[in-house]
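Understanding the architecture of this molecule
The primary structure of each chain is shown beneath.
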Amino acid sequence: MTAGRADLVVVGAGVIGCMVALLYRRAHSGAEIIVVDRGAAAGGASGASLCAAIPAAPTATLRALVRRSDALFAAIPVLARHLRHYAALYCVSPQRVADFRGQLAVADFVPAAPAQWSAAEAVYGPLARDAGRVVLDGRRHAYTFDVTAFVHAALRAPEPIARLVEGRAVAAVRRDGDRWSVETGDGVLARARAVALCTGPWTAPPVTGPDRHWAPPPPSLRRIVSLRVALPGPAADAGSAGSVIWVDESVSLIPAAGGAACYVNFTRGDWPPAAAGVHRAAAGRPVAPAEFTDDDRAAGLAAIARLWPGRPASGVGGLAGHDSYTPDRHPRIDRPAPGVVSVTGTSGAGVRLAPALAEDAVRDLTAA
Ligand SMILES: Cc1cc2nc3c(=O)[nH]c(=O)nc-3n(C[C@H](O)[C@H](O)[C@H](O)COP(=O)(O)OP(=O)(O)OC[C@H]3O[C@@H](n4cnc5c(N)ncnc54)[C@H](O)[C@@H]3O)c2cc1C
């Protein structure tokens, strides 16, 4: 690769940025692509993420993205290799069943057999079903995607899809002749024909063209927590029991790889505390520590206290981080200038939407 020149510079080596690089490479086999991150690849939201997906979404737009992503996950070998599908039981109150079925992005789910619920309880211990709730069999449409393994395979393989530059924060993107100059504190990283800003929950760098200046909107952040609960005893195989999802409460038990633990995913409705504000993101810096805290643990245990009365008393840890949320939870694709695209606002679902969003970004970049 010619130093300092590229066809595409991707800013941000999270799941969105790496997926953009992958799809651009597939569309332009000889292209010179650089992926640059201020820290380590997959060290942002994607690295903290559980990367789980269920085939349901509240709007037709999101369902279309989910369907398109599912098709790309299945069709591209380096993606398909890192998927792990599992069984899922959806526990829904009768008054919400029709609404939930309307949100499915796949063929309808059928009522589960009582033995399936018993099999889940054999692994997880007593679970609250509540009288009258309907349990639907989600078959094996739920999955997790191993982002870290994908990023490793795509960017650290002997023949990577792009050149990875870690530890350099991009401060500005400026028009320079017929190219975009991608600038860091150490000077110009590259002059590129196209730039994709995939900075997740951090503010993207500004873009200055000959006749315009685009300053990215500061992201609104939410804190996401995945409580990890170790399952004791030889009977514990969450992989075979699959996932249990209480649709009304948006609480899911998700089997961990290896089977002896599961995760409970939830968004902290009580975060950020008023004093922190939601618009504090500064370029290249997280607004708040992403470490899992005692507070996260307490919030998680409170969320599952009634639903999972049989949960183990010890072995509770977790993951925590932030994502950029939009008011309607639809991702944002901005086009600051021809040849520059920005993808953000993935609202807690960036992994399952990543292939479709990347496909849209690459289409824009190719058309420019
Ligand atoms: C605990 C947790 C659980 C989650 N669970 C799920 C789930 O089950 N399913 C799901 O679909 N989603 C889940 N999510 C959400 C999902 O992880 C995010 O939507 C997704 O990872 C966002 O990817 P991204 O590439 O946009 O952001 P990131 O992964 O954060 O990538 C952005 C990258 O840009 C870099 N960067 C930022 N600014 C600059 C700059 N100026 N210069 C250079 N580099 C820069 C950052 O260092 C970072 O690496 C979860 C998130 C968390 C935190």
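Residues numbered from 1 in each chain as written. Predicted model: local features only at pLDDT ≥ 70, side-chain atom pairs only at ≥ 80, totals over all residues.

1. Observations concerning the site of the ligand
Taken together, 45 residues are adjacent to the ligand, and G14, G44, G200, G321 and G350 come closest. Only helix 1 (15-27), strand 2 (33-37), helix 2 (45-48), strand 3 (52-53), strand 15 (220-230), strand 19 (316-325) and helix 10 (350-367) provide two or more residues apiece to the shell around the ligand. Sort the elements by how many residues they give to the shell around the ligand and strand 19 lands first, with four residues. Counted by class, the shell around the ligand contains 24 nonpolar, 17 polar and four charged residues. Residue-level mapping places the shell around the ligand at the junction of two domains, with at least three residues from each of domain 1 (5-47 + 147-217 + 330-367) and domain 2 (90-140 + 220-325). (Near = placed C-beta within 6 Å. Helix = DSSP H or I, 4+ residues; strand = E, 2+ residues; numbered from the N terminus. Nonpolar A, V, L, I, M, F, W, Y, C, P; charged D, E, K, R; others polar. Domains from an automatic or database assignment.)

2. Some details on the pairing of strand 20 (residues 332-337)
Every regular strand shows the same layout, with side chains that alternate between the two sheet faces. Direction of pairing for strand 20 relative to strand 21 (residues 340-344): antiparallel, over a ladder of four bridges. Residue pairing across strands places D334 opposite S342, the latter belonging to strand 21. Taken together, strand 20 and the strand that follows it, strand 21, pair antiparallel across an intervening segment of two residues, in which G339 is found at a positive phi of about 90°. (Pairing = 2+ DSSP bridges.)

3. Overview of the sheet that holds strand 4 (residues 83-86)
Here three strands make up an open sheet; going across it, the order is 3-8-4 and the pairing antiparallel. Two strands close off the open sheet at either side, each with one partner strand: strand 3 and strand 4. In this structure, strand 4 lies alongside strand 8 (residues 142-145), joined through four bridges in antiparallel fashion. Its bridge partner lying in strand 8, Y86 is registered against A142.

4. Quick word on the environment of P255
Position of P255 relative to the elements: it lies in strand 17 (residues 251-255). P255 sits 112 residues away from Y143 along the chain, and the two C-alpha atoms are 9.8 Å apart. Residues within four places of P255 in sequence aside, it is in contact with Y86, A238, G239, A241, G242, S243 and C262. (Contact = placed C-beta atoms within 7 Å.)

5. A closer look at the environment of G258
For G258, the location among the structural elements is in the loop between strand 17 and strand 18 (261-267). A tally of 9 C-beta atoms within 10 Å means that G258 is categorised as exposed. Each C-alpha atom, one on G258 and one on G239, is 7.3 Å from the other, the two residues being 19 residues apart in sequence. (Buried ≥ 20, exposed ≤ 12 C-beta atoms within 10 Å, placed from the backbone.)

6. Some words on the packing of helix 1 against helix 10
One way to put it is that helix 1 packs onto helix 10 with a least axis distance of 8 Å and a crossing angle of 45°. By the criterion of interaxial angle, the relationship of helix 1 to helix 10 is oblique. Viewed along their axes, helix 1 and helix 10 form a crossing whose handedness is right-handed. Across the interface between the two elements, V15, I16, M19, V20, L23, Y24 and A27 from helix 1 touch G350, V351, A354, P355, L357, A358, E359, A361, V362, L365 and T366 from helix 10. Broken down by class, the residue content of the contact of helix 1 with helix 10 amounts to 15 nonpolar, two polar and one charged. (Axes fitted to C-alpha atoms, helices over the stretch in contact; angles between N-to-C directions. Parallel < 35°, antiparallel > 145°, perpendicular 65-115°, else oblique. Left-handed = near helix turned anticlockwise from the far one by under 90°.)

7. Let's talk about the domain arrangement of the chain
Splitting the chain by domain gives domain 1 (5-47 + 147-217 + 330-367) and domain 2 (90-140 + 220-325). In this complex, domain 1 contributes 15 residues to the contact, which on the side of domain 2 involves 15 residues. Split by residue class, the side of domain 1 that touches domain 2 holds six nonpolar, eight polar and one charged.

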